[in-house]
Structure formats: C-alpha cells, structure tokens
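Coordinate inspection notes
Residues per chain are reported as follows:
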Amino acid sequence: MKKEKTLTPGRMVMNRFKRNKMAQVGFVIIVIMFLFAFVGPFFSPYEEGQIFLSADGSEMLLYQAPSAAHLLGTDGRGMDLLTRLMYGGRVSLLIGFIVVAIETTIGVIMGGIAGYYGKWVDSLIMRLVDIFNCIPFMPVMLLIGVVMSGVQMSELSRIMILMIVMGILGWSYIARIVRGQILSLREQEYMMATEALGIPAWRRIVKHLVPNVVPQIIVIATMNLGGVILTESSLSFLGIGVRYPSASWGNMIEAITNEHIMSSYPFTWVPPGICILLTVLAFNFLGDGLRDAFDPKMKR
C-alpha cells in the first residue's frame, strides 16, 4: 500500500498560494516594479535631475513627446521622464516598506504587551491606541509639511521625517489585531506550561506568542504597503511629501499644474499614474492571496 505523503504546514501554505492566480499576478507585478525601480537606473543613460537643453544650449526643451532618445518624453523642466519614473519608484517603494516596518514593529510590541499582561497595562495601551485613532492624519501631515517647508533641511531628512511620522501614526490598527490574537493564545495549554517552567515573560512573548501571529502580521503588512504607497503619492501630489527635483510617483503627477498641460501632455502623468495603480493593486492581490494561503480552513 502506497504511503500518503504528508505535507508540512509551509508546503500547504505554498500550495494554497500557488492556486491563487491573482496573487501570483500581483507577485510578478511587484517583482517587475522592483527591478524597474532598483535595477533600471543602472541601464539608463541619464541622471535623475539631468536637464536637456536646445542645440545651442540657450533654451530648455520642455515637454518633448516620446522619442527614441527619450522613450517617455521629457517633463516641464526638460528632464527624462523614464529615468525619473525609475527613481520615483525607488523612493515610493522604499517609503512604503520603511513605513510599514515602523508601524508593524510598534504595533507588534504594543499589542503583544497589552495582550499578554492584560489588566491595567492592557487598558493603558488601548487608551493610547484610541488616542492615536483620533488623531486626524491629513491635518497633522499638512502641519508638518508647513513646518518642514519653513526649515532648511535636506531632501533626505525631509523624507525620513515623513516616513517616521507616517509610521508612528499608523501602528494602532496592528496593535489591536496583535492584542486580540495574543489574548486568545495566552490561555493555551502550551503557554501555561512555559509559565510553569519559569520561562521569562519576554521570552514567552517573543518565542511562543509572536511567531503564532506572524501569518496575520504578514498579511496586514502586505496589504498596508499598497495603502502607504498611495498615501505617499497623495502627500507628494499635495506638495507635502517628496519635493521636486527629487522624484516620486506622486510628485511627478503633482507637476501637472493646469488643465492645458494635463490634456496636451498626457505622457507626463499617465505613466506614474499607471505605476501607482498597478503597484497598489499588486500588493492588494498579494495580501489577499497570503490571507487565503495562511487560512487553515482552506482545502489542501
């Protein structure tokens, strides 16, 4: 009699993920976007802020249509749009990952402590979560943008402050999810056994509780990535985020200042718009696929 092959939990997750075609499409799109943003600039003959002048050097060639020399054309200041799209993707994707890393780290720590210790510790942290949930995101970002505009600082410092503030304002939802999971897990028999063995509380949280909520954290973080990229693009479009001449997908669209430019030169704003759309959709597809793959109720 042929022995049935036993699948490991990891293999079962992979099999469920492979059956989700939309999740695979999302994964492929994300890989392509990363290659485009992080590898593409090495093959570009132009620099991010390089300005192209007329033959006699006296006048900038503004809004050149796509050509062999500039595959996506040039923007209103004579810069190659394809090159700026690559560098803009690098900035937008990095901001997305770093912001998600910040908010996930804070959320896991605060949610883990609240769920494990309970009582007054839980009440205190949950009230803190309520306070952060009540903070109006956009007015705060507008205020910070005004302050940063009035202070002389490098573009790197501006981007770092933007990422830190977005991460700090976004951890509360993750904390609630982690807390709920920890509350149910801490009553399990294996957790009572670790307490009876005298294992320190921090080790019980880090080694036995947090690993059990990792699947949920991965799904939340993946789906949050698309939202953060969209938020960064919106902030840059409003002039709060990344500023010209540094490129991000959001501020490439923000450079369209009036209806005439929008209608006459669609090659300047359609490509970054498509990149934002595809990337956000891809992360949502991937997040949905991971959520289904980690669900133990799904069929093998």
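As a reminder, the structure under discussion sits directly above these lines.
What this report covers is the structure whose coordinates are included nearby.

1. Topic: the overall build of the protein
Within the protein one finds 13 helices and zero strands. Reading the protein from its N terminus to its C terminus gives the helix and strand order α-α-α-α-α-α-α-α-α-α-α-α-α. Counting over 300 residues, the protein shows a buried share of 41%. A separation of at least 24 residues holds for 73% of the contacts in the protein among residues at least 6 apart in sequence. Summed over all atoms, the accessible surface of the protein reaches about 16300 Å², with 68% contributed by carbon and sulfur.

2. As for the pattern of salt bridges
Under the counting rule described, the total for this entry stands at four salt bridges. Measuring nitrogen to oxygen at the nearest pair gives 3.6 Å for the salt bridge that ties aspartate 75 to arginine 84. Arginine 84 carries the same exposure label as aspartate 75, and that label is buried. Between arginine 179 and aspartate 122 there is a salt bridge, with the nearest N and O atoms lying 2.6 Å from each other. Within this pair, whereas arginine 179 is found in helix H8 (residues 172–185), its partner aspartate 122 is found in helix H5 (residues 119–133), the two being separated by 57 residues in sequence. Among the charged side chains, a salt-bridge network with shared partners connects Arg127, Asp130 and Arg176.

3. Side note on the packing of helix H6 (residues 137–149) against helix H7 (residues 155–169)
Relative to each other, H6 and H7 sit at 160°, their axes nearing to 11 Å. It follows from the interaxial angle that H6 and H7 lie roughly antiparallel. Crossing handedness for the pair H6 and H7: right-handed. In contact with Phe137, Val140, Met141, Ile144, Gly145, Met148 and Ser149 of H6, H7 contributes Arg158, Ile161, Leu162, Val165, Met166 and Leu169. In terms of residue class, the contact of H6 with H7 is built from ten nonpolar, two polar and one charged.

4. Structural notes on the packing of aromatic side chains
Applying the stated criterion to the full structure yields five aromatic pairs. Measuring from centroid to centroid gives 5.4 Å for phenylalanine 34 and phenylalanine 97, while their planes differ by 75°, and the two rings are edge-to-face. One end of the pair, phenylalanine 34, is in helix H2 (residues 21–38); the other, phenylalanine 97, is in helix H4 (residues 81–117), with 63 residues separating them in the sequence. We classify phenylalanine 34 as partly exposed; its relative accessible area is 25%.

5. Examining a nonpolar patch on the surface
Together, Phe27, Val28, Val31, Ile32, Leu35, Val39, Phe42 and Phe43 line one region of the surface with nonpolar side chains, adding up to about 830 Å² of accessible area. Here the nonpolar patch gets five residues from one element, more than from any other, and that element is H2. Along the chain, the position of leucine 35 falls in helix H2.

6. Description of the nonpolar core
Ile95, Met141 and Met166 are the most contacted members of the largest nonpolar core, which totals 43 residues. Elements supplying a minimum of two residues to this core: helix H1 (9–19), H2, H4, H7, helix H10 (201–237), helix H11 (249–254) and helix H13 (270–294). The element that contributes the greatest number of residues to this core is H13, accounting for eight residues. Once residues within four sequence positions are removed from consideration, methionine 141 is found in contact with Leu162, Val165, Met166, Leu169, Leu235 and Ile240.

7. A few points about the environment of proline 245
Its place among the elements puts proline 245 in the loop between H10 and H11. The residues touching proline 245, leaving out its near neighbours within four places in the chain, are Glu48, Met79 and Arg84.

8. Things to note about the environment of leucine 94
Topologically, leucine 94 is positioned in helix H4. A relative accessible area of 41% means that leucine 94 is categorised as partly exposed. Between the alpha carbons of leucine 94 and phenylalanine 34 there is a distance of 10.0 Å; along the sequence they are 60 residues apart. Apart from residues lying up to four places away in sequence, leucine 94 is in contact with Phe38 and Met163.

9. A word on H6
Taking 1.5 Å as the rise per residue, H6 with 13 residues should run 18 Å; its terminal C-alpha atoms sit 18 Å apart, in good agreement. Along H6, the positions that sit buried rather than exposed are Met141, Gly145 and Met148. Projected down its long axis, H6 shows its buried positions confined to an angular sector of 65°, all on one face. In this structure, H6 carries Leu143 and Val146 as exposed residues pointing more than 90 degrees from its buried face.

What counts and what doesn't
- Residues numbered from 1 in each chain as written.
- Predicted model: local features only at pLDDT ≥ 70, side-chain atom pairs only at ≥ 80, totals over all residues.
- Heavy atoms only, no water.
- Helix = DSSP H or I, 4+ residues; strand = E, 2+ residues; numbered from the N terminus.
- Buried < 20%, exposed > 50% of the residue type's maximum accessible area, 1.4 Å probe, protein only.
- Contact = heavy atoms within 4.5 Å.
- Areas by Shrake-Rupley, 256 points an atom, 1.4 Å probe, with all protein chains shown as cover.
- Salt bridge = Lys/Arg side-chain N within 4 Å of Asp/Glu carboxyl O.
- Axes fitted to C-alpha atoms, helices over the stretch in contact; angles between N-to-C directions.
- Parallel < 35°, antiparallel > 145°, perpendicular 65-115°, else oblique.
- Left-handed = near helix turned anticlockwise from the far one by under 90°.
- Nonpolar A, V, L, I, M, F, W, Y, C, P; charged D, E, K, R; others polar.
- Phe/Tyr/Trp six-rings, centres within 6.5 Å; stacked < 30°, edge-to-face > 60°.
- Patch = residues over 30% accessible without salt bridge, like charges linked within 9 Å, V, L, I, M, F, W, Y side chains within 5 Å.
- Core = buried A, V, L, I, M, F, W, Y, C linked by side-chain atoms within 4.5 Å.
- Expected span 1.5 Å × (residues − 1).
- Arc of directions from axis to C-beta.

All we've got here are geometric facts, nothing functional implied.
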